[in-house]
Structure formats: C-alpha cells, structure tokens
Amino acid sequence: MARKLHVVMLPWSAFGHLMPFFQLSIALAKSGVKVSFISTPKNIQRLPKPAPESEVAALINFVEFPLPASAALDDKLLLPEGAEATVDIPSENIQYLKIAYDLLQHPFKQFVAQQSVDWIIVDVMSHWAGKIAQEYHVPLLLFSAYSAAAFQFIANPECLVGDGQKRVRPSAESLTAVPEWVDFPSSVALRTFDAIGMHHGFYGMNASGITDAHRTAEILHSCQAMAIRSCPEFEGEYLNLLEKLTGKPVIPVGLLTPEPNSAKGRDHQISKIFQWLDEQKPRSVVFVGFGSECKLSKDQVYEIAYGLELSGLPFLWALRKPEWATDDVDALPLGFADTIRGKGIVSIGWAPQLEILAHPSIGTSLFHAGWGSVIETLQFGHSLVVLPLIIDQPLNARLLVDKDLAVQVERKDDGSFTRDGIAKALRLATVSEEGEKLRVRAREAANTFNDKKLHDDYSVRFVEYLKINVATK
C-alpha cells in the first residue's frame, strides 16, 4: 500500500486564519491526505473536531506546541496566562503574540526533522518556515486566508520591502488609490481612516523586530506556490493578477464552505432564538454579527443598536460582550431591551452563526466583511450590508460593492458612522425597491458559493498538484 501524502499545516494564531486552515485540512483528509495540524493547546481545543470515528478524523493529527508565553521582553511577561490567539488580547498586544509565535520555530523544526513530511503549508506570519523547509528539502506552500482581491492589494512582492516599498507604498495616502498594476475596473482600495492603521500595522516596526510586510515578503520568496480560499467564478480576474504579480502558481482550493450543524438541540437560550426565527416571515430578518476579533467601542455598539431600531426591521444580533461593559445590560443603551421586545433579539455571548444564517427567515446580514463571513453568508444568498473595521475587511467590502452584492454603511472622514446610516443601508438592502437588484444578485451568487461539487473539485485538483509536485527525497 502506497504511503499517504503527509502535509504539515502551520496557521497564524488568529481564528480568521486557524479556521480556514482547519477547513482546508478537512478537504485534504477527505482526499486521503494525512495532515499534521500544528497550533497551541488552547487554540486546538477551541477548534471544531471531525466526528471521532470518521476517516477524516483518522487522517488529521492535531499537534500541540505550548506557546512560550512565559518568555519575557525587558523583564515583562509577553502575554497574560491563557492568551494564545489574537482574540485573547487587545490589538496593541498582538506584537507580543508574534514574539511568542516566532519561538514556535524551534519545536516546529524538531517536528519536521523527525517526521516524513511531503509539504509544509504556512501562513504569512511564519517567515522562518522557509529556512526550515529548505534545510529538510520539503516544498513550502503559502495558504492565504484572504480573498485574492485583498491579497493582491496588500502583498505585491515588488512593494513589500526596501526601495519598492519606499517608492510605491511610502505613506498611508498611497493605500487610498487603486494600484497601478490593476488593469481592469476596480475600486478595491482603502479610505484614509483605514489606510492609516493598515500602513502602520503592516509596514511599521513592532516588538517582534520584523514588519508584517517583511514576513510576507520572506514567505512569498520561499514558497513554491500559493493556495487561496477562492474560485475563478467569483474573482477570476484577481486570481490571474495575483499569479502575474507573484510569479508563482496561484491555486484556488475552492471556498471551503462550512456546513451548518443542527443547533436546535442546544441550550435554552439558543432554542429560544430558533423558536423566534421560526415565527418570522421568510427573508425578513436582519442578522447582525461582528465576530470576536472586531472589538466595537461603546459609541459603535450604541449607534448600531439605535440604527437597528430606526430601520423598523426584525433583527437578531449576536453580540460578544464588549470589554468596556460591566455586564450584559451595560452592553446596550439604557432601556433598549424593552424598546425592541418582540421586534428583535440581542443574544450576548456565543451564537451558532452558521446555523442562524441557514434559517429561511434570515434575509440580510450586517457584518464586517471578513472573508470567512462573506463565504458563510453568500452561500445562503443573503443581502449584505457591510461595515468593515479591520485588516482586509475594507478591501472585501469594496470588492462586494463592485460586484453589486453589498451596500456599504456610509462613514464620515474619521471612520465614524451614524444610526441613520445603519438604518438607511439596512432598508435599502432588505425592503426598498431600489435594492431589488442587490437581492437578485445575492441569490445568484449563492449558486456559486453553495455549489459543493464545484468547490470539492478545486480541492481535489489542489491535492493532485501536491502529489505531482512533491519533492523527491
């Protein structure tokens, strides 16, 4: 019996990266590939798991490397106890997570040395993986958790470091125009308020001693090819452009669309949510969710709340309790729960987002335009109202607007938004005659996003690429 292909997965410690790597691992295992999924104990514990007796579960080995959080910088502990992912810490402390993450290169190198590894698949943060792959003659592949549209904007190798960066991306302002290398109609670029944070975060030095742009440049240089969670049917023009820019094969692995589980057998609070949804008209409810990485300020939460009320639409809001709120009641405007009783639900804490999106009463989604959430939402053909906040989200939002798939909430020059802007965007996407084209386009997009065979075929072709291009030891 031929030895199974063995792929090692090493995602960055953020759930917007961990989840796509996990979903790709599932797709590889379904094609008979043995996967070693490397992360920290708490991150692995928080991932969903394949059914224990399944063939997929037998092929995925979760490898736990304790995060060296006890390492210190200037006698100060890098991270609080139990912090192993970006969701566990304020954004200003992510630079310390990068230091701890970089220390994983030592157990990672040892693992690769002791195993028979055919491929290493990494994220943009693991800049040191290239040297390890080269030392042990294992081909390296970059897997992007971003859309091709966002990646080409952020990561053209010509302008990541050195003179190229100084010439093309010298300032935040340089991120506000569509890049010169985009030779087709596009508005994918940043507003000034987004560009300031992006330029500082990506090109600016941090405590780890290496910029994110430099990390990306190292991986793009070291990798043999790039895999991306996308498909030509949705953004073929950007996939072709990315291949041209990187000079490497860019392989779409499909959208890796997760499948909803049955949520109705869960706790009382979740059961109440589904009971309420069952009572609503088809495609009438707005689902609101900003995930766990977007830490909304008090002003932002309150404006969203008042905007939902102003819209007059039924809604379900899955709200993670903000750090500034003393308790669940404090997380919302005074008296808001009474005002909206019968018209909407705010579920504070965890909610089964995918299962909620799958419910026939959901018609619109108000969210941040993170790529994973775009995929989850469009598979059900929902209208999209986008309020992007961090990293790639503003770029995805522009892509969706370009494709007539989303309404973007109006913003002021400082990035703030109003309750009126929220209400206006929601009504346009959900009920107004003017938004009918958007609703039709969203339902059409579902034909691509929910085409399981299409995306499975891309995953199978990716496995064929891995088998054909495995290094001869």
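With an unreviewed UniProt entry as reference, the protein chain is termed Glycosyltransferase, source organism Citrus clementina. You can read under Sequence similarities (unreviewed entry) in the UniProt record for the protein chain the words "Belongs to the UDP-glycosyltransferase family."

A.B. asks: Hey, could you run me through the overall build of the protein chain in this one?
C.D. replies: Looking only at helices and strands, one finds 20 helices and 15 strands in the protein chain. Rg of the C-alpha trace for the protein chain: 22 Å, near the compact-globule value of 23 Å for 473 residues, within the 12% margin. Considered along the principal axes of its C-alpha atoms, the protein chain spans approximately 65 × 55 × 50 Å. Residues classed as buried in the protein chain amount to 58% of the 473 residues present. Pairs at least 24 residues apart make up 70% of the contacts formed inside the protein chain by residues separated by at least 6 positions. On the protein chain, the mean spot of the 46 positive side-chain charges and the mean spot of the 55 negative ones are 2 Å from each other.

A.B. asks: So what exactly am I meant to see when it comes to the sheet that holds strand β9 (residues 250-252) here?
C.D. replies: Paired through backbone hydrogen bonds, the strands of a sheet run either parallel or antiparallel to each other. Spatial strand order, β3-β2-β1-β6-β7-β8-β9: seven strands in an open sheet with parallel pairing. A single partner strand is all that each edge strand has here, and the edge strands are β3 (60-64) and β9. Sheet twist, expressed as the average angle between the axes of neighbouring strands with direction ignored, equals 25°.

A.B. asks: Got a minute to help me understand helix α18 (residues 419-430) in this structure?
C.D. replies: Turn by turn, an α-helix covers 3.6 residues, leaving residues three or four places apart pointing in a common direction. With twelve residues, α18 ought to run about 16 Å at 1.5 Å a step, and its terminal C-alpha atoms sit 16 Å apart, in line with that. Listed as buried for α18 are Gly421, Ile422, Ala423, Ala425, Leu426, Ala429 and Thr430. Contacts made by the buried residues of α18 are with β10 (285-289), α13 (298-311), β13 (362-367), β14 (383-386), β15 (406-408) and α19 (436-449).

A.B. asks: Is there a simple way to think about the side chain of Asp392 in this case?
C.D. replies: Tracing the backbone shows Asp392 in the loop between β14 and α17 (393-402). Buried charge without a salt bridge: Asp392, with Arg229 as the nearest opposite-charge side chain at an N-O distance of 9.3 Å. Apart from the residues within four sequence positions on either side, Asp392 is in contact with Tyr146, Ala150 and Trp371.

A.B. asks: How should I be thinking about the sheet that holds strand β12 (residues 344-348) in this particular structure?
C.D. replies: The strand order across the open sheet formed by six strands is β12-β11-β10-β13-β14-β15, and the pairing between neighbours is parallel. The sheet is open, and its two edges are formed by β12 and β15, each paired on a single side. Averaged over all adjacent pairs, the angle separating strand axes in this sheet is 20°, with direction ignored. As defined by bridge partners, β14 adjoins β15 across three bridges and the pair is classed as parallel.

Criteria and cut-off values
Numbering of residues starts from 1 in each chain and follows the order in which that chain's sequence is written. Where local features are concerned, this predicted model is filtered to residues with pLDDT of at least 70; where side-chain atom pairs are given and counted, the filter is 80 or more; whole-chain, interface and lining totals use all residues. To obtain the side-chain values, all non-hydrogen atoms of the structure were included, while hydrogens and water were left out. UniProt positions are given in the numbering used here, feature names are shortened, and annotations may be inferred rather than shown by experiment. The helix and strand labels rest on DSSP assignments: H or I over at least four residues marks a helix, E over at least two residues marks a strand, and numbering proceeds from the N terminus. Between the two quantities, the radius of gyration covers C-alpha atoms and the globule rule is 2.2 Å times the number of residues to the power 0.38. Only protein chains enter the area calculation, which uses a 1.4 Å probe; residues under 20% of their type maximum are buried, those over 50% are exposed, and those in between are partly exposed. Throughout, a residue-residue contact means that at least one pair of heavy atoms, one from each residue, lies within 4.5 Å. The charge count includes Lys and Arg as positive and Asp and Glu as negative, but it does not include His or the ends of the chains. Charge positions are represented by NZ for Lys, CZ for Arg, CG for Asp and CD for Glu. Here, any two strands with at least 2 DSSP bridges between them count as paired. Here the axes come from fitting lines to C-alpha atoms, over the contacting stretch only for helices, and the angles between their N-to-C directions go from 0 to 180 degrees. Residue count minus one, scaled by 1.5 Å, sets the expected span of a helix. By convention in these notes, a salt bridge is any Lys or Arg side-chain nitrogen within 4 Å of a carboxyl oxygen on Asp or Glu.

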